[in-house]
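# Per-entry structural report
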Amino acid sequence: TDYYNAHITEYQNPQRARLDSIFINKGKSPSQAQQKAQEAYVQLKEGAAFEDVAREYSQAASIGMIEKGQTIAKIDDAVFNLAEGTISQPIEVDNGIYIFKIIQQFPSEISPLDDVNKEIYEKIFDMKLRDKLITWLDKLKEKAYIEIKN
């Protein structure tokens, strides 16, 4: 538990979100992509089912689960500032436009000691083994006689 308490930040899990997404590729016509994204967004705001709109407009599979910091700041800001069940406005990125529906938000949390106990044991074991190995090798080097011939 001493190691766990001293290294508690290593066991901090970031905020996560489970979401559905619609992705519209900009391709060669960014203005057409923006128009499609706006059409999709209007349908969603009028109450259309996200799945139906995604089936019609999305050009990529849904993203699913993401961690804060895993994506670009624009997406992080949108996703992690929305409540569950809400839909983001269209978010333009380099290659396309996203619309997200937040299914579930998971707060940042620290893994319980019971969940990381084995990992901690292995880290401590490895550190002690490495220290003993270095000490043993140093003693061997002290006793070794090395002759270099030309």
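Residues numbered from 1 in each chain as written. Predicted model: local features only at pLDDT ≥ 70, side-chain atom pairs only at ≥ 80, totals over all residues. Heavy atoms only, no water.

### Description of the side chain of K26
- Among the secondary structure elements, K26 is positioned in the loop between strand 2 (16-25) and helix 2 (30-45).
- If near-sequence neighbours (up to four positions away) are discounted, K26 is found in contact with A33, E92, V93, D94, N95 and G96. (Helix = DSSP H or I, 4+ residues; strand = E, 2+ residues; numbered from the N terminus. Contact = heavy atoms within 4.5 Å.)

### Overview of the pairing of strand 5 (residues 96-106)
- The buried fraction of strand 5 is high, at eight of 11 residues.
- In this sheet, strand 5 lies alongside strand 2 in antiparallel orientation, the contact comprising 10 bridges. Within strand 5, the residue paired with R18 across the bridge is Q104.
- Note that strand 4 (residues 91-92) and strand 5 share two bridges and pair antiparallel. Bridged to E92 within strand 5 is I97.
- What sits between the antiparallel neighbours strand 4 and strand 5 is a turn of three residues. (Buried < 20%, exposed > 50% of the residue type's maximum accessible area, 1.4 Å probe, protein only. Pairing = 2+ DSSP bridges.)

### Digging into a nonpolar patch on the surface
- A cluster of nonpolar side chains, namely L133, W136, L137 and L140, defines an oily patch on the protein surface of about 390 Å² accessible area.
- Position of W136 among the secondary structure elements: in helix 5 (residues 113-143). (Patch = residues over 30% accessible without salt bridge, like charges linked within 9 Å, V, L, I, M, F, W, Y side chains within 5 Å. Areas by Shrake-Rupley, 256 points an atom, 1.4 Å probe, with all protein chains shown as cover. Salt bridge = Lys/Arg side-chain N within 4 Å of Asp/Glu carboxyl O.)

### Some words on the nonpolar core
- Counting 14 residues, the largest nonpolar core has I22, I24, L44, F50, V53, Y57 and I99 as its most contacted members.
- Among the secondary structure elements, those contributing two or more residues to this core are strand 2, helix 2, helix 3 (50-57) and strand 5.
- When residues in this core are grouped by element, the largest group, five residues, is from helix 2.
- Residues within four places of F50 in sequence aside, it is in contact with D20, S21, I22, L44, I87, I99, F100 and K101.
- A17, F23, I91 and V93 belong to the second largest nonpolar core, which has 13 residues in total. (Core = buried A, V, L, I, M, F, W, Y, C linked by side-chain atoms within 4.5 Å.)

### Some details on helix 2
- Compared with an ideal rise of 1.5 Å per residue, which puts 16 residues at 22 Å, helix 2 spans 22 Å between its outermost C-alpha atoms and is within 8% of the ideal.
- Looking at helix 2, one finds that the buried residues are A33, A37, A40, Y41 and L44. Down the axis, helix 2 shows its buried residues gathered within 100° of arc, on one side only.
- Against strand 2, helix 3 and strand 5 lie the buried residues of helix 2. (Expected span 1.5 Å × (residues − 1). Arc of directions from axis to C-beta.)

### Brief notes about the packing of aromatic side chains
- Under the defined criterion, the tally for this structure stands at four aromatic pairs.
- Geometrically, the ring pair formed by Y98 and F100 is stacked, given 5.2 Å between the ring centres and 10° between the ring planes. Of the two residues examined, Y98 and F100, each falls in the buried class.
- Ring-pair connections join several aromatic residues into one group, and the members of that group are F23, Y98 and F100.
- In this structure, R16 packs its charged tip against the face of F106, placed 4.7 Å from the ring centre. (Phe/Tyr/Trp six-rings, centres within 6.5 Å; stacked < 30°, edge-to-face > 60°. Lys NZ or Arg CZ within 6 Å of the ring centre and 35° of its normal.)

### Here we look at the pattern of salt bridges
- By the definition in use, this model includes four salt bridges.
- In this structure, the salt-bridge partner of K123 is E10, at a minimum N-O distance of 2.8 Å. In this pair, K123 sits in helix 5 while E10 sits in the loop between helix 1 (2-6) and strand 1 (12-13), placing the two residues 113 residues apart along the sequence.
- E10 sits in the partly exposed class, given a relative accessible area of 41%.
- Notably, a salt bridge pairs E92 with K26, separated by 2.9 Å at the nearest N-O pair. In this pair, E92 is assigned in strand 4 and K26 in the loop between strand 2 and helix 2, connecting sequence segments 66 residues apart.
- Among the residues examined, K26 registers a relative accessible area of 16% and is labelled buried.
- Three or more residues are tied together by salt bridges with common partners; here these are E10, E119 and K123.

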